[in-house]
Amino acid sequence: MIYCKKEYDLVVVGGGPGGIPAAISAARMGIKVLLVEKNGYLGGGAASGLPLLGFIDKMGKKTVGGVADKIVKRLLELEGTSGPNMSPFLTSLTRINPELFKIVSFEKCVEAGVELLLHSEVVDVKVDNKKIKQISVSSCCEKIEIKSDIIIDATGDGCIGYLAGASYFKGQDETGELQPVSLVFTLGNVNLKKFLNYVISNPDEFILPGPFTTGKYTSEYFNPEKGYAFMGLKNLIKKARKNNDFNIPIDRIMCGTTPNKGSEIVVNATRTVDIDATSPWDITKGETECHLQILHLIKFMKKYIPGFENICITRIAPSLGIRETRRIVGRKILKKDVLTEGEIAKDTIALAAYNVDIHQGKSMSINFISVNKAFGIPYGCLLSHDIDNLILSGRCISVDSFIFGSTRVMGTCMAIGEAAGTSAGLAIKSSCSPSKVSVEELRNQLLKNDAVIL
């Protein structure tokens, strides 16, 4: 094995929604930044084709700005999105072309001066006196030893915190159960006109879950220019299940249009339970089962759903969508009472606007709790309780499992990422630990960069 040694001011591990804005915002402050990503592309969950959620709250207020907003604006120029659009149950959705999202992520990183290291995974972390002194990265039979003043864990699974010995939560607080995994895929050749006629004429098929049971889809919502998503088909699923034509542990299907011209639908309907995505054996099982479920779903859709008779697969996400694994314990833990407090706290560094959305395992249902107004994420949720120079970003931040149902979505993770990268930049420029960064200075810098925190 070949050994190589490197040094940086900041290393961001994970090139998804939590890592990309972190690296960009820090590099723009003039520090030396390395972004490490295990895949050969940037984008993480955004590479699946799912829409970005959390950009607008139920009151119609913008809740994500800064780097994330600039990425969306660049996608608009390339016709890779139609921008944020309100939704009956998703609050808002921002459709994206996943391939263009990957390209724009590269573009923005290069523009900011971020150094990239792809096809590389951290395999070891050395800690001394509560500080990470070095990480070891493995790639292409080469081991790279990297020293850095600060590390941002944007791995989604809290891998750096775990390897550094930081305390963490895993799964639902009461049971430890992990939300199921899914593999997103995209279909072409959908007869959208025929399908939408079915949707409008069969409202009972599309009664929304939980607090949205009185909501209905209207013909105005299904605007092809703005795009839309839908959740339903419960009756068709019941019928197919009775006929032994449906065996996936889910009680409704989630689909939505893409920003591409034509008749594409992105589908979130595969589902495998009892998968711990931090286990290589489990995640392999999940990948296998979900891929096989796609054939089952296509057969069901062709037979039962009007407008889907001639569908074809146009794309399968490059990897599983992981809803839940580790959350690293921070200096603060954001808990469910934040929804009843009303005021956004003074130490807020990002806003969360998506509903609490917790996928149940064997019960096949989804627990939705409406979030009517955006709530704040405190800076302390991004700071590891145990490791002084570790900043958390994306879905591994310090929140309880209930609030995690809201903060885990990609738009919110992008806002968190910008705050993480900006705080790292301030810490490095002031030669202090992240916990010593002035929250007031951090907030002022975020506002200066058009982030939304109020």
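Since the model is a prediction, treat every value here as computed from it, not as a measurement. (Residues numbered from 1 in each chain as written. Predicted model: local features only at pLDDT ≥ 70, side-chain atom pairs only at ≥ 80, totals over all residues. Heavy atoms only, no water.)

**Describing the sheet that holds strand S14 (residues 265-268)**
Note the threshold: Whether two strands pair comes down to DSSP finding at least two bridges between them. Only DSSP runs of H or I reaching four residues or more are called helices, and only runs of E reaching two or more are called strands; each is numbered from the N terminus. Axis definition: a line fitted to C-alpha atoms, over the contacting stretch in the case of helices. Angles run 0 to 180 degrees between N-to-C directions.
The strand order across the open sheet built from five strands is S12-S13-S14-S11-S15, with neighbouring strands paired in antiparallel fashion. On the outer flanks of this sheet lie strand S12 (229-232) and strand S15 (312-316), each paired with one strand and no other. If you compare each strand with its neighbour and ignore which way they point, the axes differ by 25° on average. As paired strands, strand S13 (residues 253-257) and S14 are joined by four bridges and run antiparallel to one another. Each bridged residue has a counterpart across the sheet, and for cysteine 255 the counterpart in S14 is valine 267.

**Thoughts on the pattern of salt bridges**
Heads up, the condition is: Just to be clear on terms, a salt bridge is a Lys or Arg side-chain nitrogen sitting within 4 Å of an Asp or Glu carboxyl oxygen. Partly exposed residues are those whose accessible area sits between 20% and 50% of the maximum for their type, while under 20% is buried and over 50% is exposed, using a 1.4 Å probe and protein chains only.
The full count for this structure, using the stated rule, is 20 salt bridges. A salt bridge links aspartate 245 to lysine 303; the shortest N-O distance between them is 2.8 Å. Placement of the pair is aspartate 245 in the loop between helix H6 (234-242) and S13 and lysine 303 in helix H7 (residues 280-304), with a sequence separation of 58 residues. On the basis of relative accessibility, which here comes to 19%, the residue aspartate 245 falls in the buried class.

**Quick notes on the sheet that holds strand S4 (residues 84-87)**
Working definition: the strands of a sheet are paired by backbone hydrogen bonds and lie parallel or antiparallel to each other. Spatially, three strands are ordered S3-S5-S4 in an open sheet, and the strand pairing comes out antiparallel. Unpaired on one side and paired on the other, strand S3 (52-53) and S4 mark the two borders of the sheet.

**With respect to the nonpolar core**
The cut-off we apply is this: Each nonpolar core is a collection of buried residues, namely Ala, Val, Leu, Ile, Met, Phe, Trp, Tyr and Cys, held together in the definition by side-chain atoms within 4.5 Å. In what follows, residue pairs with any heavy atoms lying within 4.5 Å of each other are defined as contacts.
Among the nonpolar cores identified, the biggest contains 90 residues, and Leu10, Ile135, Ile377 and Leu382 are the most heavily contacted of them. For this core, the element with the highest residue contribution is helix H10 (residues 410-430), accounting for ten residues. Each residue touching leucine 10, except ones within four places of it in the same chain, is listed here: Ala26, Ile31, Lys32, Val33, Leu34, Ser148, Ile150, Ile151, Ile152, Ala424 and Ile428. Counting 55 residues, the second largest nonpolar core, distinct from the first, contains Ala240, Ala317, Tyr354 and Val409.

**Some points on helix H2 (residues 66-77)**
The condition that has to hold: By definition here, a helix of n residues has an expected span of 1.5 Å times n minus one.
Here H2 spans 17 Å end to end across twelve residues, near enough to the 16 Å set by a 1.5 Å rise per residue. Buried within H2 are the following residues: Gly66, Val67, Ala68, Asp69, Ile71, Val72 and Leu75. Where H2 is buried, its residues contact helix H1 (20-27), S3, strand S5 (91-94), helix H3 (98-112) and H10. Phi turns positive, to about 60°, at glutamate 79, one or two residues after H2.

**Some details on unusual backbone geometry**
Unlike most non-glycine residues, cysteine 140 shows phi in positive territory, near 50°. On the secondary structure map, cysteine 140 appears in the loop between strand S8 (131-139) and strand S9 (142-153). One non-glycine residue with positive phi stands out, namely asparagine 189, at about 65°.

**Some details on the environment of tyrosine 3**
Position of tyrosine 3 among the secondary structure elements: in strand S1 (residues 2-13). In this structure, the C-alpha to C-alpha distance between tyrosine 3 and glutamate 145, residues 142 residues apart in sequence, is 7.4 Å.

**Considering H6**
The criterion, for reference: The arc in question is formed by the directions pointing from the helix axis toward the C-beta atoms.
For H6, the full list of buried residues reads Leu236, Ile237 and Ala240. Buried residues of H6 fall within an arc of 100° about the axis and therefore sit on the same side. Away from its buried face by more than 90 degrees, H6 exposes Lys238 and Lys242. Tucked inside the fold, the buried residues of H6 contact helix H5 (192-201), S12, S13 and H7. Just past H6, the residue asparagine 244 takes up positive phi, approximately 60°.

**Things to note about the state of the cysteines**
Applied cut-off: Note on disulfides: each one is a pair of cysteine sulfur atoms within 2.5 Å.
A complete count under the given rule lists zero disulfides for this structure. This cysteine, cysteine 290, is not joined by any disulfide, and cysteine 255 carries the nearest cysteine sulfur, 15 Å off. Here cysteine 432 is not disulfide-linked; the sulfur of cysteine 381 is the nearest cysteine sulfur, at 19 Å. A relative accessible area of 25% places cysteine 432 in the partly exposed class.

**A look at the environment of methionine 86**
Tracing the chain through its elements places methionine 86 in strand S4. With 142 residues separating them along the chain, methionine 86 and tyrosine 228 place their C-alpha atoms 8.7 Å apart. Residues in contact with methionine 86, not counting those within four places in the same chain, are Ile56, Asp57, Lys58, Gly60, Thr91, Ser92 and Tyr221.

**Things to note about the packing of aromatic side chains**
How we decide: Between 30 and 60 degrees the pair is tilted, below 30 it is stacked and above 60 it is edge-to-face, where a pair is any two Phe, Tyr or Trp rings, Trp via its six-membered ring, whose centres lie within 6.5 Å. Charge-over-ring contacts are defined here by two conditions on Lys NZ or Arg CZ: a distance within 6 Å of the ring centre and an angle within 35 degrees of the ring normal.
The tally for this structure, following the rule as stated, stands at seven aromatic pairs. Between tyrosine 162 and tyrosine 168, the ring centres sit 5.8 Å apart and the planes meet at 70°, which makes this aromatic pair edge-to-face. Among the aromatic residues, those joined into a cluster by ring pairs are Phe195, Phe230 and Phe308. If you follow lysine 32 out to its NZ or CZ, it ends over the ring of tyrosine 8, 5.0 Å from the centre.

**A word on the side chain of threonine 186**
Mapped onto the elements of the fold, threonine 186 is located in strand S11 (residues 185-188). Residue classification places threonine 186 among the buried residues on the basis of a relative accessible area of 6%. When residues no more than four places from it in sequence are discounted, the contact partners of threonine 186 are Thr258, Glu264, Ile265, Val266, Cys312, Ile313, Thr314 and Arg315.

**Some details on the pairing of strand S18 (residues 356-359)**
Neither face of S18 is exposed, since Val356 and Ile358 on one face and Asp357 and His359 on the opposite face are all buried. Note that S18 and strand S19 (residues 366-369) share four bridges and pair antiparallel. Along S19, the bridge assignment pairs valine 356 with isoleucine 369. Between the end of S18 and the start of S19, which pair antiparallel, lie six residues, with methionine 364 showing a positive phi angle near 70°.

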